[in-house]
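Structure at a glance
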Amino acid sequence: MQMKIGNVLDVPGTVMPLDLCVSEERLAQVHRYVFDAPVRVVGQIANHAGAVTLEFRVTASLRVTCDRCLKETVQEFSYAEAHTVVRKLVSEDEDDSYILAEGECIDPEEIAVTDLLLELPTKMLCKEDCKGLCPVCGCNRNVTDCGCMKDQIG
Ligand SMILES: [Zn+2]
Ligand SMILES: [Zn+2]
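Quick summary incoming for the structure in this document. (Residues numbered from 1 in each chain as written. Chains lettered and ligands numbered in written order. Predicted model: local features only at pLDDT ≥ 70, side-chain atom pairs only at ≥ 80, totals over all residues.)

So, about the pairing of strand 4 (residues 40-48). Sheet faces and side chains relate simply in a regular strand, where the side chains alternate between the two faces. Burial along strand 4 is one-sided: the face carrying Val-41, Gly-43, Ile-45 and Asn-47 is buried and the face carrying Arg-40, Val-42, Gln-44, Ala-46 and His-48 is not. When strand 2 (residues 15-21) meets strand 4, the two strands line up antiparallel, connected through 7 bridges. Looking at the pairing, Met-16 lines up with Ile-45 of strand 4. As judged from the 9 bridges shared by strand 4 and strand 5 (residues 51-65), these two strands associate in the antiparallel manner. Bridge assignment links Ile-45 to a residue of strand 5, and that residue is Leu-54. (Buried ≥ 20, exposed ≤ 12 C-beta atoms within 10 Å, placed from the backbone. Helix = DSSP H or I, 4+ residues; strand = E, 2+ residues; numbered from the N terminus. Pairing = 2+ DSSP bridges.)

Here's what the structure looks like:
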């Protein structure tokens, strides 16, 4: 969803609030994660003395499978993001913090989803101290104290 921001780009002091849910169509393109609720993006685009910044918080509920014990949980992830919006890139640097407003438009959904995917942990755990599955009998060691490991350690 493209958003016209010509007014913010042109007029210092202009603030455009941002409060949107990322469309299901957009989320359907993300194959790595299962979303449990719409992804929310809340923030603003503001022109401070000619410098245009896009600031927002992206919040997502994901259905994740624990890497250690394989239990499925729903977890909420929330990240604060900030970008500088420019009409054209002045240097060749491919800096992620810069957003190019092509035709005075930006796509906040696309930007937020890209940021979210970069921030999400690669390893998902049901809880930080998850004990995982027993390598000997395969039971969930958060639930059952099977004792296999004790025998091995002696
Ligand atoms: Zn776990
Ligand atoms: Zn065991």
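Ranked by internal contacts, the top residues of the largest apolar core, which has 18 residues, are Val-39, Val-41, Ile-45, Val-58, Val-85, Ala-112 and Leu-116. The set of elements that each furnish at least two residues to this core consists of strand 4, strand 5 and helix 3 (108-119). If you tally residues by element for this core, the top one is strand 5, at 5 residues. Apart from the residues within four sequence positions on either side, Ala-112 is in contact with Val-22, Val-41, Phe-56 and Val-58. (Core = buried A, V, L, I, M, F, W, Y, C linked by C-beta atoms within 7 Å. Contact = placed C-beta atoms within 7 Å.)

Taking 1.5 Å per residue, 12 residues should reach 16 Å; helix 3 reaches 16 Å between its end C-alpha atoms and fits that length. Looking only at helix 3, the buried set comprises Pro-108, Glu-109, Ala-112, Val-113 and Leu-116. Considered in projection along helix 3, the buried side chains sweep an arc of 125° and stay on one side of the axis. Opposite the packed face of helix 3, turned more than 90 degrees from it, sit the exposed residues Leu-117 and Leu-118. (Expected span 1.5 Å × (residues − 1). Arc of directions from axis to C-beta.)

Phi is positive for Ala-49, close to 50°, though the residue is something other than glycine. Inspection of the secondary structure puts Ala-49 in the loop between strand 4 and strand 5. If you check the backbone angles, Glu-104 has positive phi at about 60° while not being a glycine. Counting through the fold element by element, Glu-104 comes out in the loop between strand 7 (98-100) and strand 8 (105-106).

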